[in-house]
Structure formats: structure tokens, C-alpha cells
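Below, each chain spelled out in residue letters.
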Amino acid sequence: MQGYQIIFFTQQNRMHGKQTVGQWLLSKAKELGFGGATLSGALEGFGHDGKVHMLNMFDYADQPVQVTMVLSKPDTERLFAELDKEKVKVFYTRTEVDFGMLGGA
């Protein structure tokens, strides 16, 4: 199949409603019936403002996180329509990919 790998970059303390942006994205992916999404935490990074964000043993709030999804083109359109409707502010990358499943049933 052809579609997109979408990676959203945010921080653990960024909220959309009552959920973190990362958790909201996972919930929305499940609600829309997508095949999967992965939330990953990073040790350190910096954003467009140049500020360093990092995980430390006393405070997880500033931890950089990313949510990765691989979606068909129609599913990508559905997701971005939801993001637009909900006015979710989040940086992303979208890369065209070929994807499928190996290994039989």
C-alpha cells in the first residue's frame, strides 16, 4: 500500500482539553479505527524557539514526545480533518511511504 508516515512532535506537558496532546492523538487514532499509533518519549530535544526540553528524574512534564502513525492517504485526510476541526496545534512531518504486512496470517 501507499500512504504516509506521520510523526507529531510535542512535549509531555502540552495539553488539548483534558489530555496531553500525545494521548489525545493516540485516542483519536483509535477512535478513527486506524491500525496503530506509537507514542515515544525522548531524553532531550529542542524546539523551534531554541529552548532545550528534557526528561529528568524529578519532572517528566518537559519531556519531548512523538507520536508516529503510518496511514493510507484517505486515513491521513480523515486525521487532518479532525486535527483542523479540533484546532490542535502540533508540529508534524509527513513522508510518503510504501507499507504492508509480512509473515502471513
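Structure's up top.
Analysis parameters
- Residues numbered from 1 in each chain as written.
- Predicted model: local features only at pLDDT ≥ 70, side-chain atom pairs only at ≥ 80, totals over all residues.
- Heavy atoms only, no water.
- Core = buried A, V, L, I, M, F, W, Y, C linked by side-chain atoms within 4.5 Å.
- Buried < 20%, exposed > 50% of the residue type's maximum accessible area, 1.4 Å probe, protein only.
- Helix = DSSP H or I, 4+ residues; strand = E, 2+ residues; numbered from the N terminus.
- Contact = heavy atoms within 4.5 Å.
- 1 Å grid on protein atoms, 1.4 Å probe; cavity = no way out; pocket = protein on both sides within 12 Å on 5 of 7 lines; lining within 4 Å.
- Points joined across faces, edges and corners; volume = space filled by probe spheres on them.
- Nonpolar A, V, L, I, M, F, W, Y, C, P; charged D, E, K, R; others polar.
- Salt bridge = Lys/Arg side-chain N within 4 Å of Asp/Glu carboxyl O.

### Things to note about the nonpolar core
Link 1 in the chain: Counting 17 residues, the largest nonpolar core has Ile6, Phe8, Leu25, Phe34, Met69, Leu79 and Leu83 as the members making the most contacts within it.
Link 2 in the chain: Going through the elements one at a time, β1 (2–11), α1 (21–31), β7 (64–72) and α2 (73–86) are the ones with two or more residues in this core.
Link 3 in the chain: Here this core takes four residues from α1, the largest share from any one element.
Link 4 in the chain: Leaving out residues up to four positions away in the same chain, Leu25 has contacts with Phe8, Val67, Met69 and Leu83.

### Overview of the layout of surface pockets
Link 1 in the chain: Computed from the structure, the largest pocket encloses a volume of approximately 560 Å³.
Link 2 in the chain: Around the largest pocket sit 22 residues that line it, and Phe9, Thr10, Arg14, Gly47 and Phe91 are the ones nearest its centre.
Link 3 in the chain: Where the lining of the largest pocket is concerned, the elements lending two or more residues are β1, β2 (15–16), β5 (44–46) and β7.
Link 4 in the chain: Split into classes, the residues belonging to the lining of the largest pocket amount to nine nonpolar, nine polar and four charged.

### Overview of the pattern of salt bridges
Link 1 in the chain: Applying the stated rule across the entire model yields four salt bridges.
Link 2 in the chain: In this structure, Glu82 engages Lys28 in a salt bridge whose closest nitrogen and oxygen atoms are separated by 3.1 Å. Pair noted here: Glu82 is in helix α2 and Lys28 is in helix α1, with a separation of 54 residues, a long-range link.
Link 3 in the chain: Owing to a relative accessible area of 7%, Lys28 belongs among the buried residues under this scheme.
Link 4 in the chain: The structure contains a network of salt bridges with shared partners spanning Lys28, Glu31, Glu82 and Lys85.

Such coordinate-based values are descriptive only and should not be taken to indicate function.
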